[in-house]
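# Structure assessment
Here is how the chains run, residue by residue.
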Amino acid sequence: MTSDARQRIVYLTRIEQFSACHRLHSPELTDDENIKLYDKCNNPNGHGHNYKVELTLRGKVYPVTGMVMNISDLKTYMKNGFLDLLDHKNLDKDVNYFRSNVSTVENIAIFIWDRMAKCLPDPSLLFEVKVHETDKNIAVYRGE
C-alpha cells in the first residue's frame, strides 16, 4: 500500500472569538451561597469576557479536495451555529439555554458542542470544543 492509498486522519481546528457578559448565579442556591461560591463573578450587574473558541474536527482527508472540510464552510457553520447567538450578548438574558444553565465556561463549551452537532453536515467530524474564557481559564469538551 502506498502512502497515497492510505486514508489519513487529520485534526482540523478553526479559532473564532466572541465577546459577551454573564453573571455566575445558580437559582438552586441562596444569594449567600452564590456569593460564597462565585465571589466577584456573582456581581448582580455581571461582567464580560472576550472568549476564544477552538473548534476541532477529526476526519479523513478527501482525496479530490485534500481537505477534511472546506475551512470557509466551517467558518460559516460556526457563525450560524453559535457566534451570532453569543457575540455581544448577555448570555443569561439573551440566550435561552443559559436561563436554566449557569453560564460557566464549562456550560458554554457544552452549548457550543450541541449547537455545532446540529448544524454540521457530518456531526461525526466534531472532535473537540475548547473555550478560553481568559488566558488562564479554559474548558475542553469532547461530547462525553
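All values derive from a computational prediction rather than experimental measurement.

Glancing now at the sheet that holds strand E3 (residues 89-90). One open sheet accounts for five strands, arranged E3-E1-E2-E4-E5; its pairing is mixed. Where the open sheet ends on each side, the last strands, each with one partner, are E3 and strand E5 (138-141). In the sheet, strand E2 (residues 47-60) pairs with strand E4 (residues 126-132) via six bridges, with the strands oriented antiparallel. Within the sheet, the bridge partner assigned to Val53 lies in E4 and is Val131. Against the sheet, helix H2 (residues 71-86) touches strand E1 (9-22), E2 and E3, its axis set at about 25 degrees to E1. Docked against the sheet, helix H5 (residues 105-119) engages E1, E2, E4 and E5, running at close to 145 degrees with respect to E4.

The subject of this paragraph is the pairing of E2. As paired elements, E1 and E2 share 14 bridges and run antiparallel to each other. Its bridge partner being in E2, Ile9 is matched across the sheet by Lys60.

Take the pairing of E5 next. Burial of E5 is one-sided: the residues Ala139 and Tyr141 facing one way are buried, the residues Ile138 and Val140 facing the other way are not. In textbook terms, the turn of a hairpin is the stretch between consecutive antiparallel strands, and for E4 and E5 this stretch comprises five residues.

Here we take up the packing of H2 against H5. Their axes nearest at 8 Å, the elements H2 and H5 cross at an angle of 140 degrees. Crossing of H2 over H5 shows right-handed handedness. When H2 is examined against H5, the residues Tyr77, Met78, Asn80, Gly81, Phe82, Leu85 and Leu86 are found in contact with a partner set consisting of Phe111, Ile112, Arg115, Met116 and Cys119. Grouping the constituent residues of the contact of H2 with H5 by class yields nine nonpolar, two polar and one charged.

Another point: H2. Here H2 spans 21 Å end to end across 16 residues, near enough to the 22 Å set by a 1.5 Å rise per residue. Its axis deflected by about 45 degrees at Lys79, H2 carries its strongest bend there. For H2, the set of buried residues is Leu74, Met78, Gly81, Phe82, Leu83 and Leu86. Close packing links the buried residues of H2 with E1, E2, E3, helix H3 (91-94), helix H4 (97-100) and H5. Two or three places before Ser72, at the opening of H2, Asn70 has a side-chain oxygen 2.7 Å from that residue's backbone nitrogen. Once H2 ends, the next one or two residues include His88, with phi positive near 55 degrees.

What follows is about the environment of Lys118. Tracing the backbone shows Lys118 in helix H5. Lys118 gets classed as exposed once you look at its relative accessible area, which sits at 72%.

Reading the values: the criteria
- Residues numbered from 1 in each chain as written.
- Predicted model: local features only at pLDDT ≥ 70, side-chain atom pairs only at ≥ 80, totals over all residues.
- Heavy atoms only, no water.
- Pairing = 2+ DSSP bridges.
- Helix = DSSP H or I, 4+ residues; strand = E, 2+ residues; numbered from the N terminus.
- Contact = heavy atoms within 4.5 Å.
- Axes fitted to C-alpha atoms, helices over the stretch in contact; angles between N-to-C directions.
- Buried < 20%, exposed > 50% of the residue type's maximum accessible area, 1.4 Å probe, protein only.
- Left-handed = near helix turned anticlockwise from the far one by under 90°.
- Nonpolar A, V, L, I, M, F, W, Y, C, P; charged D, E, K, R; others polar.
- Expected span 1.5 Å × (residues − 1).
- Bend = angle between axes of the 7 residues up to and from the residue.
- Polar contact = N/O pair within 3.5 Å; in protein donor to acceptor, adjacent residues only side chain to side chain.

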